[in-house]
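One letter stands for each residue in the lines below.
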Amino acid sequence: MPSHHLENSDESLKGLTIVITRPRAQGDITAQYLAAAGARVIRYPVLTIEPRSQIAIEKTFSRADLAHANGIIFVSANAVEYGLPVIRQYGELRADATLYAIGKMTAEALCLALPAGFTQKIETASPGNDSEALLAMPALQDVTGQHMFIVCGYSEAGGRTLLQQTLSARGAMVTLLTCYERKRLKVTADEQNALAAQLQSGDMTAFLTLSIETLDSLMENMSNMTGWQRCTLLVSHHRVAEAGRERGWTRCEIVPMNKPALVEALQLLKPTLRASF
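In short, a report on the structure. None of these values were measured; they are calculated from a predicted model. (Residues numbered from 1 in each chain as written. Predicted model: local features only at pLDDT ≥ 70, side-chain atom pairs only at ≥ 80, totals over all residues. Heavy atoms only, no water.)

## Digging into the overall build of the protein chain
Formally: Segments assigned H or I by DSSP are reported as helices when at least four residues long, segments assigned E as strands when at least two residues long, and all are numbered from the N terminus. With C-alpha atoms as the basis for the radius of gyration, the globule rule is written as 2.2 Å multiplied by the number of residues raised to the power 0.38. With a 1.4 Å probe rolled over the protein chains alone, any residue whose accessible area is under 20% of its type maximum counts as buried; one over 50% counts as exposed, and the rest are partly exposed. Note on contacts: a residue pair is in contact if any heavy atoms of the two residues lie within 4.5 Å. When charges are counted, Lys and Arg are positive and Asp and Glu negative, with His and the chain ends excluded. Charge coordinates come from a single atom per side chain, which is NZ of Lys, CZ of Arg, CG of Asp or CD of Glu.
Assigned secondary structure in the protein chain consists of 11 helices and 11 strands. Here the C-alpha radius of gyration of the protein chain, 20 Å, is about what a compact globule of 277 residues would show, namely 19 Å. Over its C-alpha atoms, taken along the principal directions, the protein chain stretches across nearly 60 × 35 × 35 Å. Expressed as a percentage of its 277 residues, the buried residues of the protein chain come to 49%. Here the contacts in the protein chain between residues at least 6 apart in sequence split such that 76% fall between residues at least 24 apart. Charge separation in the protein chain, taken as the distance between the mean sites of 26 positive and 27 negative side-chain charges, equals 2 Å.

Here it is as structure tokens:
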């Protein structure tokens with residue numbers, strides 16, 4: 001039977017169980033550093049990330065458009081992982097093109113992934129880790145006549161319309177480079193049993209959920225369970241918190257998702273989380 005839990009001797013998050021709903025690869029990374037801080041971790045991946053086919057990618061843009069791009073926006077670390085190889089495959093960028101990253105984690109992933117000799121500058125909003133923060137940057141206030149690419153994932157639920165609509169309203173030509181797909185995933189029977197047992201245990205539990213799409217898939221994968229209503233939903237953005245409340249979560253907390261800040265935030269939240277149990 002696969003192991004769903006990680007343990008570590010660090011005491012800072014001892015007594016807290018965190019259910020991680022991210023795709024397996026990203027979830028494993030998050031699980032490792034939360035377990036290193038003493039948390040008990042349950043992996044419950046409810047989404048999967050898959051690369052799009054070359055045919056599907058080529059329907060959204062042309063080589064000529066990419067060669068003339070003034071700016072390329074990477075919306076996530078997944079966008080870097082799946083989109084940067086596509087960009088490199090389809091030709092050279094303008095020397096004065098700017099690469100924008102939403103959030104610190106995306107910026108770090110972009111810096112690590114860029115090959116030696118890459119001369120385009122990288123910009124990210126600080127503070128802030130969402131589309132609104134990026135759109136508030138001075139460089140993106142007047143983009144009249146500029147061609148902007150948004151590197152993102154394809155989803156039936158849509159997404160990133162705020163970026164596309166706002167930049168278009170400011171005069172830019174906007175192209176979506178959808179290089180990966182987010183798909184809902186049905187968890188295994190072992191994973192369901194592990195979570196159901198945790199919810200009935202009465203132990204202090206929180207769910208880490210980054211998007212509304214993840215939240216909806218989580219709800220589908222808990223449709224026959226009880227006990228989640230007293231748990232805390234940990235999210236990265238107020239829109240996800242609002243969606244959580246609409247779906248019955250009475251305790252929603254917005255937390256940063258990068259490694260040290262998340263651990264520190266959970267340490268501060270422990271008394272609040274404990275009070276709900």
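## Examining the nonpolar core
The tendency in soluble globular proteins is for nonpolar side chains to be buried as a group. Note the cut-off: Definition of nonpolar core: a set of buried residues of the types Ala, Val, Leu, Ile, Met, Phe, Trp, Tyr and Cys, connected through side-chain atoms within 4.5 Å.
Judged by nonpolar contacts, the single largest core of 40 residues is most densely connected at I72, I73 and F74. For this core, the elements supplying multiple residues, two or more each, are strand 4 (71-74), helix 4 (77-89), strand 5 (98-101), helix 6 (131-135), strand 7 (147-154), helix 7 (161-169) and strand 8 (173-184). Once residues within four sequence positions are removed from consideration, I72 is found in contact with L66, I87, L93, T98, L99, Y100, F149 and V151. Judged by nonpolar contacts, the second largest core, of 23 residues, contains I20, M204, L234 and V263.

## Some points on the sheet that holds strand 8
Sheets are built from strands that pair by backbone hydrogen bonding, the pairs being arranged parallel or antiparallel. Quick reminder of the rule: In this scheme, strands are said to pair when DSSP sees at least two bridges between them. Each axis is a line fitted through C-alpha atoms, taken for helices only over the stretch in contact, and angles between the N-to-C directions span 0 to 180 degrees.
Read across the open sheet, the 6 strands follow the order 3-8-7-4-5-6; overall the sheet is mixed. The two strands at the open ends of the sheet, each matched to only one other strand, are strand 3 (47-51) and strand 6 (121-124). Strand-to-strand twist of the sheet, defined as the mean angle between neighbouring strand axes without regard to direction, takes the value 25°. Where strand 3 meets strand 8, 5 bridges bridge the pair, whose relative direction is antiparallel. In the sheet register, T48 faces strand 8, and the bridge partner there is K183.

## Observations concerning helix 11 (residues 259-275)
Our working definition: Working rule for helices: expected span equals 1.5 Å times residues minus one. To obtain the bend at a residue, axes are fitted to the seven residues ending there and to the seven starting there, and the angle between these axes is taken.
If you check helix 11, its first and last C-alpha atoms are 25 Å apart, about what 17 residues at 1.5 Å a residue would give, namely 24 Å. Its maximal kink placed at L269, helix 11 deviates by approximately 50°, while the proline P271 follows within four residues. Residues L262, V263, A265, L266, L269, K270 and L273 constitute the buried set of helix 11. In this structure, the buried residues of helix 11 make contact with strand 1 (17-20), helix 1 (24-36), strand 9 (205-208), strand 10 (232-235) and strand 11 (252-254).

## A word on the pattern of salt bridges
Convention followed: For salt bridges, the criterion is a side-chain nitrogen of Lys or Arg within 4 Å of an Asp or Glu carboxyl oxygen.
Across all of its chains, the model carries 11 salt bridges by this definition. Linking E132 and R239 is a salt bridge whose minimum nitrogen-to-oxygen distance equals 2.5 Å. Placement of the pair is E132 in helix 6 and R239 in helix 10 (residues 238-246), with a sequence separation of 107 residues. R239 gets classed as partly exposed once you look at its relative accessible area, which sits at 36%. The salt bridge involving R247 is made with D216; its shortest N-O contact spans 2.5 Å. Separated by 31 residues along the polypeptide, R247 in the loop between helix 10 and strand 11 and D216 in helix 9 (residues 212-220) bring together distant segments of the chain.

## With respect to the sheet that holds strand 9
The strand order 2-1-9-10-11 describes an open sheet built from 5 strands, whose pairing is parallel. Strands with a single pairing partner mark the edges of an open sheet, and in this sheet they are strand 2 (40-43) and strand 11. Taken over all neighbouring pairs, the strand axes of this sheet differ in orientation by 25° on average, direction set aside. Bridging between strand 1 and strand 9 involves 4 bridges; their strand directions are parallel. By the bridge assignment, V19 is partnered in strand 9 with F207. Strand contacts of helix 11: strand 1, strand 9, strand 10 and strand 11, with the helix running at about 160° to strand 10, the strand carrying the most contacts.

## Here's the deal with the layout of surface pockets
Operational definition: Of the two site types, the cavity is a set of points on a 1 Å grid over the protein atoms alone where a 1.4 Å probe fits but cannot get out, and the pocket is an open set with protein on both sides within 12 Å along at least five of seven lines, each lined by residues with an atom within 4 Å of a point. Grid points are joined across faces, edges and corners, and a volume is the space filled by probe spheres set on the points. Only Asp, Glu, Lys and Arg are considered charged, only Ala, Val, Leu, Ile, Met, Phe, Trp, Tyr, Cys and Pro nonpolar, and every remaining residue, Gly among them, polar.
Roughly 190 Å³ of internal volume is contained in the second largest pocket. Lining of the second largest pocket is provided by I87, R88, G91, E92, L93, P115, A116, G117, F118, T119 and Q120. Of the residues belonging to the lining of the second largest pocket, the class tally is 5 nonpolar, 4 polar and 2 charged.

## Quick notes on the environment of N193
Within the fold, N193 resides in helix 8 (residues 189-201). Since its relative accessible area comes to 52%, N193 is described here as exposed. It is 10.0 Å that separates the C-alpha atoms of N193 and M225, two residues lying 32 residues apart in sequence.

## Focus: helix 5 (residues 104-113)
Residue pairs three or four apart in sequence face the same way in an α-helix, which turns once every 3.6 residues. Rules: This arc describes the spread of directions from the helix axis toward the C-beta atoms.
Listed in full, the buried residues belonging to helix 5 are T106, A107 and L110. All buried residues of helix 5 project into a common sector of 100° when viewed along the axis, lining one side. Facing away from the buried surface of helix 5 by more than 90 degrees, the exposed residues are K104, C111 and L112. In this structure, the buried residues of helix 5 make contact with strand 4, helix 4, strand 5 and strand 6.

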